[in-house]
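Remarks on the overall topology
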Amino acid sequence: MARYEGGCLCKAVRYRTDAAPINERICHCRVCQKAIGAAFNARVLFRIDDVTVDGPLATINSSPELKRGFCPSCGTTMFSRRDSAGIIGVTTGSLDDPTVFKPQMHIFTASKQPWLVLDDGLPQYEGAPPPG
């Protein structure tokens, strides 16, 4: 069994990887809030070549460099993909077992919803995280 696997609500799209994640973050930017339809986007980042996707997938560019992948049938957002960097972020809500998600930080907290209290002790960055 793959370490990370998941898919959409209607089960038309499935993905999996055995790779270790590059990082695991919670993004509070307005673009993620709009794209996910929630207060934040909790995601696990992998190299594109390490993730296998089966089934129909629709995409939309949420910014010039970033594509969002979703099921064309049920609308579940499963990915954010940056081809120029060779990375793909998997939404934790689409994981079969979301308990495998171990967040390392909060990013873009300047646009965090005011009712959301972050008291988990993780590092918080008002914008992008430092490189590395």
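The structure contained in this document is the topic of the report that follows. (Residues numbered from 1 in each chain as written. Predicted model: local features only at pLDDT ≥ 70, side-chain atom pairs only at ≥ 80, totals over all residues. Heavy atoms only, no water.)

Along its length, the chain carries one helix and 10 strands. Mapped from its N terminus to its C terminus, the chain presents α and β elements in the order β-β-β-α-β-β-β-β-β-β-β. Expected size for 132 residues packed as a compact globule is a radius of gyration near 14 Å; at 14 Å, the chain falls within 12% of this value. When its C-alpha atoms are laid out on the principal axes, the chain stretches across 35 × 30 × 25 Å. Taking all 132 residues of the chain together, the buried fraction comes to 41%. Long-range pairs, those at least 24 residues apart, make up 52% of the contacts in the chain with a sequence separation of at least 6. The distance from the centre of the 15 positive side-chain charges to the centre of the 13 negative ones in the chain is 5 Å. (Helix = DSSP H or I, 4+ residues; strand = E, 2+ residues; numbered from the N terminus. Rg over C-alpha atoms; globule rule 2.2 N^0.38 Å. Buried < 20%, exposed > 50% of the residue type's maximum accessible area, 1.4 Å probe, protein only. Contact = heavy atoms within 4.5 Å. Lys, Arg positive; Asp, Glu negative; His and termini not counted. Charge placed at Lys NZ, Arg CZ, Asp CG, Glu CD.)

Membership of the largest hydrophobic core comes to 18 residues, with the highest contact counts inside it found for Tyr15, Phe46, Met78, Phe79, Ile88 and Val90. A per-element tally of this core places strand 4 (residues 41-47) first, with three residues. Beyond its immediate sequence surroundings of up to four residues, Met78 is in contact with Gly7, Cys8, Val13, Tyr15, Leu57, Gly69, Phe70, Cys71, Gly89, Val90, Thr91 and Ser94. In this structure, Cys27, Cys29, Met105 and Ile107 belong to the second largest nonpolar core, which totals five residues. (Core = buried A, V, L, I, M, F, W, Y, C linked by side-chain atoms within 4.5 Å.)

A few words on the environment of Val44. Relative to the assigned elements, Val44 resides in strand 4. Put simply, Val44 and Phe101 are 57 residues apart on the chain and 7.2 Å apart in space, counted from C-alpha to C-alpha. Ignoring any residue separated from it by four or fewer positions in sequence, one finds Val44 in contact with Tyr4, Pro21, Asn23, Glu24, Ile88, Gly89, Val90, Thr92 and Phe101.

With that settled, the discussion passes to the pattern of salt bridges. One pass over the full model with this rule turns up four salt bridges. A salt bridge links Asp83 to Lys67; the shortest N-O distance between them is 3.3 Å. With Asp83 in the loop between strand 8 (77-82) and strand 9 (87-91) and Lys67 in strand 7 (residues 66-70), this residue pair connects regions lying 16 residues apart in the sequence. Its relative accessible area of 36% is what places Asp83 among the partly exposed residues. Lys67 sits in the partly exposed class, given a relative accessible area of 29%. Look at the salt bridges and you will find they share partners, linking Lys67, Arg81 and Asp83 into a network. (Salt bridge = Lys/Arg side-chain N within 4 Å of Asp/Glu carboxyl O.)

Take the packing of aromatic side chains next. Applying the stated criterion to the full structure yields two aromatic pairs. Consider the rings of Tyr4 and Phe46, whose centres lie 5.1 Å apart with planes at 70°: the pair is edge-to-face. In this pair, Tyr4 sits in strand 1 (residues 4-7) while Phe46 sits in strand 4, placing the two residues 42 residues apart along the sequence. In terms of burial, Tyr4 and Phe46 fall into one category: buried. Where Tyr15 meets Phe79, the ring centres are 5.3 Å apart and the plane angle is 65°; that geometry is what we call edge-to-face. Of the two residues, Tyr15 is situated in strand 2 (residues 14-17) and Phe79 in strand 8; the sequence distance between them amounts to 64 residues. Like Phe79, Tyr15 is buried. (Phe/Tyr/Trp six-rings, centres within 6.5 Å; stacked < 30°, edge-to-face > 60°.)

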